[in-house]
Structures are given as structure tokens and as C-alpha cells.
Amino acid sequence: MNRRTIPFGYKFENGCVVVDESTADIVKEIFKRYLAGESMLNISGLLNNLHIEYRPGTTGWNKARIKRILENKKYLGDEDYPQVISEDIALRADEIRETRNKQKGVNKDELIYHLDAQTICPCCGTVMKRRFDPRTKIHGRWKCQSNDCRKLVAITDEVMLSDITEMLDVYFEEQGIHSIENGSEFYITVYGSIAQSESENISANVKWGKEQAAREGNVSFHYKNFLGYRKGNDGNPEIVPEEAETIRYIYERFLAGDSHQTIISKLECKNILTPGGKVKWTYGTLHSILTNERYMGDAIINKTYTVDCISKKKKRNNGERAKYYVENNHPAIIDRVTFGKVQEELARRSGLRKVKQVGTKTELGKYSSKYALTELLVCGECGTPYRRCTWTACGNKRIVWRCISRLDYGKKRCHNSPTMGEEELHRAIMSAIQTVAMQNTNLLQTLKSHIVMTVKCDDSEDKKLEIKVRLAEINEEFQKAMSLVSVDENNNVMIEQRLTELIIERETLNKELAKYVENDNASVQSKINDIDRLTDILENQPMQFNDELVRQMLQCVVVESKDRIKVIFNDGTEIDQPVQ
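Below is a short write-up of the structure. (Residues numbered from 1 in each chain as written. Predicted model: local features only at pLDDT ≥ 70, side-chain atom pairs only at ≥ 80, totals over all residues. Heavy atoms only, no water.)

### Section: the overall build of the protein
Broken down by element type, the protein carries 17 helices and 20 strands. Counting the 580 residues in the protein, one finds 32% classified as buried. Here the protein has roughly 37,200 Å² of accessible surface; of this, 50% comes from carbon and sulfur atoms. (Helix = DSSP H or I, 4+ residues; strand = E, 2+ residues; numbered from the N terminus. Buried < 20%, exposed > 50% of the residue type's maximum accessible area, 1.4 Å probe, protein only. Areas by Shrake-Rupley, 256 points an atom, 1.4 Å probe, with all protein chains shown as cover.)

The following block contains the structure:
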């Protein structure tokens with residue numbers, strides 16, 4: 001929109017301001033009608049009805065613009081502007097404006113004019129406006145601006161200000177101060193400074209106490225929003241069996257290849273509540289469970305810290321304060337090996353590089369848990385992963401896998417990569433797995449040993465390892481002591497006493513070790529028998545394609561030609577498998 005740079009009634013000509021006769025006549029007409037008794041509002045309406053333009057392309061006359069013209073002293077003429085209105089006409093217009101000014105004599109410094117908050121109608125909630133009573137010359141009415149309500153409230157400025165002041169008054173009982181009294185601001189500031197200093201001292205003491213507790217390894221648990229644990233009768237954390245099953249299920253599904261969103265969908269389908277008791281799971285809630293070291297029995301103290309005692313803002317501790325790691329602080333739900341595998345898988349998924357070059361904005365890839373072959377199936381010619389595609393012809397759909405480089409660049413980078421049908425691929429891969437299962441017993445034994453080691457890795461295994469280490473140390477010390485008996489006859493009494501202590505300690509440790517072994521054998525053997533049954537099925541029965549099984553057993557599948565693939569297992573075993 002064009003803005004006026006000179007008053008209405010003038011124009012630029014040869015770099016100078018001159019009178020624009022056509023618009024100057026309108027200015028004179030405005031003054032004439034105003035002196036004749038017409039209001040500014042009526043004059044602006046007349047100009048709009050006559051379609052007289054205030055600026056090129058628009059009329060837009062209003063009371064404010066008429067008022068500016070009537071008050072503008074440039075129309076009287078000066079060094080830059082020629083005269084349009086005589087001084088007599090301008091003086092008479094000023095006198096009329098003074099007599100018509102209803103706000104004349106109003107003191108704008110009064111408190112009522114400094115109210116920033118809106119006054120709201122008690123009936124409809126619409127803003128109310130303060131109205132002037134011309135008969136009594138008192139502002140004592142507030143009128144609702146809603147056309148449907150139009151409620152009128154009669155209240156004087158003095159009463160309204162008094163009520164507001166009474167509502168805003170704060171009484172400090174200990175100091176005997178009213179906040180609205182004169183001079184109270186100074187005392188409030190002084191007492192506030194003293195209170196802040198006391199708060200900072202208390203905060204420093206609390207901070208010191210927490211640091212001492214952290215050094216001693218005292219871990220605090222917030223059970224309210226923590227899934228899997230509750231406060232026991234002895235005050236220490238104890239496992240909630242039902243919630244622990246949920247934690248194990250989350251870890252199991254993640255290692256099986258499920259994405260965060262897939263696990264969330266399964267949890268919501270099972271109507272499992274979040275740690276906060278909500279039905280809706282979020283990515284952040286699930287990720288915090290997968291990364292929380294407390295589920296393996298450890299604890300990190302001082303993950304976050306409070307910046308100051310005034311704002312109470314918390315920040316993540318990135319080295320600003322000391323952190324403390326406490327091992328075996330409470331019973332573990334997840335064993336250390338499983339927790340470590342989850343952290344490795346999280347790092348692997350977050351560090352995936354992009355495989356599609358065309359149309360991508362970043363160098364990062366995205367993990368997909370929908371199809372196992374998305375990460376495993378690669379092109380034998382260019383090494384690029386394959387992508388799942390749907391071909392449609394004559395109303396029939398066929399699922400195929402194609403090289404991503406071939407899709408993006410055609411034959412420019414990958415000349416001979418074949419298109420592989422999904423059903424044929426699935427049959428060939430499962431046939432390769434069965435072939436290896438029937439012919440290569442070492443692979444089955446390796447798989448069995450791997451699962452058995454996973455079964456046995458729990459907290460008791462760590463304890464048994466410590467006992468075995470101590471037994472080795474006792475044997476070594478026992479041998480040294482025996483050699484000293486034959487050399488130094490004077491110290492035989494002390495050496496024999498030490499040998500007796502070592503023998504007693506060794507017997508105690510052997511009994512403790514036997515107890516751990518006895519408790520573990522039953523459950524471990526049961527799981528090993530289940531594994532044996534599964535491997536027998538793997539050897540002797542045809543199998544359907546299973547994404548989870550493929551992820552666990554295969555390292556990759558290389559497409560060498562249209563009718564041949566190379567299947568590489570996790571232990572390094574390779575097999576060339578025909579595709580039919």
C-alpha cells in the first residue's frame with residue numbers, strides 16, 4: 001500500500017511542494033463543513049460516498065484523518081508548504097474543536113487510565129468499556145461490548161480502584177508489612193534479599209549432602225514412574241514380576257529386530273500401561289527403558305543437576321558435575337550380556353548410512369524392521385542393498401527385489417543386477433538354512449552353544465566367576481606357603497596357621513560354588529532341552545520364511561545371478577544356493 005509522504009492537498013512538482021488544486025479544494029470543503037457544524041464522522045462518510053480518494057486507488061476516509069487535516073498547521077503556509085487555509089478559518093476550527101472535546105479537563109495521570117488488564121463482562125466474558133456520563137460528568141459505568149449481552153455495570157472509579165487494591169494487597173505476617181503501604185517496597189526488598197541468602201545457604205548444604213551420598217554410593221529410586229521395581233519391606237528395590245516380564249519382552253523384541261514403533265504397537269495391543277500409568281506409549285519412554293542401566297542392576301548417580309535454587313532448572317550433566325557408577329546396587333531384570341547387545345544394536349541402527357543416493361537430504365540411513373532382507377540382501381555386482389518393490393501388470397501384483405543403484409541410475413552404475421522374485425528368494429534362503437542344518441552339524445552346535453551361553457549369563461554367573469578367581473588365588477598362595485615350610489623352620493607355626501585358614505576358606509568357597517551350580521542346573525538344562533528340540537525340527541522339517549530366524553542366523557545374502565545366490569551365515573559358513 002502506498003503511504004502519503006506529504007499532507008493531503010499538496011503535490012511534488014519539479015522537486016518542490018506545490019498546491020494540488022483538485023485536492024486543496026477538498027481540504028477547503030472539509031474546513032467549510034466543519035465550521036458549518038457537521039461532525040468529523042459525517043464529513044468522512046460524505047467523502048467516502050463521493051468516492052474521493054485519500055491516496056491513489058483507495059478512499060478510506062475516517063474520523064482520525066479528518067482530525068489530522070483540521071489540526072495540521074502546514075495548511076497555514078510556511079517555508080516549505082504554500083498556504084491553503086487562512087489563519088481566521090484555522091482559528092475558528094480550533095475553537096470549535098475545543099468546545100466539542102468531551103475529554104477536556106480529564107486527568108490522564110489518574111490510576112484508572114493505567115489499568116493494563118482487560119475488564120471482562122461477568123455474564124458473557126466479553127471485554128467491557130468504560131463510559132462517560134455527560135450529565136453527571138462522572139465515569140461510573142462499564143458497558144459490555146457484546147451485541148447480545150450489552151450488560152451495564154455501575155461502579156465509580158474510586159470504588160473500583162479500592163477493590164482492586166484490596167485484592168492485590170499482600171500481608172507479610174512475620175514482618176507486619178502490607179504491600180500497598182507507602183515505603184513497603186524497600187522493606188520487602190530487604191527481607192527478600194535475606195530470604196534468598198538463606199535459601200542459597202540451605203541449597204548449598206543440601207548439595208553437599210547429596211554429593212557425599214553419591215560418593216558413598218547411595219542410590220535413590222523414584223518408584224512412581226519406574227517400571228519393573230517397587231520399594232521392598234527393607235527399603236531396598238525389589239522386582240515386580242509382572243512388570244519385569246514387560247521389560248524382558250521389550251528387550252527380547254528389540255534384539256529380534258523390531259523397531260521402536262513396532263514394539264510400541266505390540267505393547268498397546270496387549271493393553272500394557274506405560275511407567276506413568278498411561279495407555280499411549282511414546283518413542284522416548286521406550287528408548288529410556290532400552291538405555292536405562294538400572295535394569296541390569298547398576299546405577300549412575302548425578303545424571304542431571306539443578307542449576308540454581310532460584311530457577312530450579314534441571315540440566316543434563318555433560319561433565320559439569322562428577323558422576324558416579326554403582327555396580328550391583330539392586331537385583332537385575334536384564335542380564336549384562338543382553339543389555340550390552342541392546343546398546344550395540346542401538347548404536348548400529350543410529351549409525352546406519354544411507355543407501356539411496358537420489359532424493360535424500362542427509363547421509364544417515366533409517367532402520368526398517370518390516371523386512372529382514374532389507375539389510376541382508378545385497379547386489380553381487382555393485383554391493384548396494386536391494387529394495388522391495390511391487391510390480392503391477394494387467395491387474396496382477398508381484399513382489400520383487402531390485403538393486404537400489406539400478407533403480408536410481410539405471411545401467412550407468414550397475415549393469416547386470418537381476419530382479420529377484422520374493423517367493424523364489426524366500427524358498428532359496430530357507431532351503432539353504434535347511435541344507436546347512438542337515439549337513440553342517442558344527443553350525444548347529446555353534447548356534448546351540450551361543451544360545452546356551454546367553455541363557456547362562458546372569459548375575460549368578462558373575463558371582464561364580466569371582467569365586468573361581470579367588471580359588472585360583474588360594475591355590476597359588478597355598479603352594480607358596482608349602483614351599484616355605486621346608487626352608488624356614490622358625491616360622492613353621494605361623495605358616496601352618498595360615499595354611500589352615502586357606503584350607504577353611506577354600507572349603508567354604510567350594511560349598512558356595514556347588515550351591516550356585518546346583519540351583520542353575522535344573523533351569524539351564526530345561527532350556528537346553530528346548531533348544532535341542534528346536535534344532536531337531538530345524539534339521540528334519542520344512543520351514544516357512546521367518547524374518548526373526550533369518551536375522552539371527554544370516555550375515556548377508558549376495559545376489560550373484562538370476563538363478564543363484566550366496567548365503568553367508570554368522571559363523572562365516574557360505575553356501576551357493578540355486579533360485580528356482
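### Section: the packing of helix α7 (residues 241-255) against helix α9 (residues 283-291)
It is at 10 Å that the axes of α7 and α9 come closest, and there the two elements cross at 90°. Of the possible angle classes, the one that applies to α7 and α9 is roughly perpendicular. In contact with Ile-247, Ile-250, Tyr-251 and Phe-254 of α7, α9 contributes Leu-286, Ile-289, Leu-290 and Thr-291. Its residues assigned to classes, the contact of α7 with α9 shows seven nonpolar, one polar and no charged. (Axes fitted to C-alpha atoms, helices over the stretch in contact; angles between N-to-C directions. Parallel < 35°, antiparallel > 145°, perpendicular 65-115°, else oblique. Contact = heavy atoms within 4.5 Å. Nonpolar A, V, L, I, M, F, W, Y, C, P; charged D, E, K, R; others polar.)

### Here we look at the sheet that holds strand β17 (residues 420-421)
Hydrogen bonding along the main chain pairs the strands of a sheet, whether they run parallel or antiparallel. Strand order in the open sheet made by the three strands is β15-β16-β17, with antiparallel pairing throughout. For this open sheet the edge positions go to β15 (386-393) and β17, each flanked by a neighbour on one side alone. Here eight bridges tie β15 to strand β16 (residues 396-403), and the two strands are oriented antiparallel to one another. Directly across from Tyr-386, in β16, lies its bridge partner Cys-403. (Pairing = 2+ DSSP bridges.)

### Some words on the packing of helix α1 (residues 21-35) against helix α3 (residues 63-71)
Between α1 and α3, the shortest axis-to-axis distance is 10 Å and the interhelical angle comes to 95°. Regarding the angle of α1 to α3, the classification is roughly perpendicular. For the pair α1 and α3, the contacting residues are Val-27, Ile-30, Phe-31 and Tyr-34 in the first and Ile-66, Ile-69 and Leu-70 in the second. The residue makeup of the contact of α1 with α3, split by class, is seven nonpolar, no polar and no charged.

### Some details on the sheet that holds strand β19 (residues 564-569)
Strands sit in the order β14-β18-β19-β20 across an open sheet of four strands; the sheet is mixed. The strands lining the two open edges of the sheet, one partner per strand, are β14 (377-379) and β20 (574-578). Adjacent strand axes in the sheet meet at a mean angle of 30°, parallel and antiparallel pairs treated alike. Inspection of the sheet shows strand β18 (residues 554-561) paired to β19 by six bridges, in the antiparallel sense. Among the inter-strand pairings, Cys-556 is bridged to a residue of β19, identified as Ile-568.

### Regarding the pairing of β20
Residues of β20 alternate between two faces, with Ile-575 and Gln-577 buried on one and Glu-574, Asp-576 and Pro-578 left unburied on the opposite face. In terms of strand pairing, β19 meets β20 through five bridges, oriented antiparallel. Counterpart to Ile-568 in the pairing with β20 is Glu-574. Taking the residues that link successive antiparallel strands as the turn, the β19-β20 hairpin has four residues, and the phi of Gly-572 there is positive, at about 100°.

### Section: unusual backbone geometry
With phi around 60°, Asn-271 is a residue other than glycine that occupies positive phi space. One can find Asn-271 in the loop between α8 (260-269) and α9. Owing to a relative accessible area of 62%, Asn-271 belongs among the exposed residues under this scheme. Of note in the backbone geometry, Asn-302 takes a positive phi value of approximately 70° without being a glycine.

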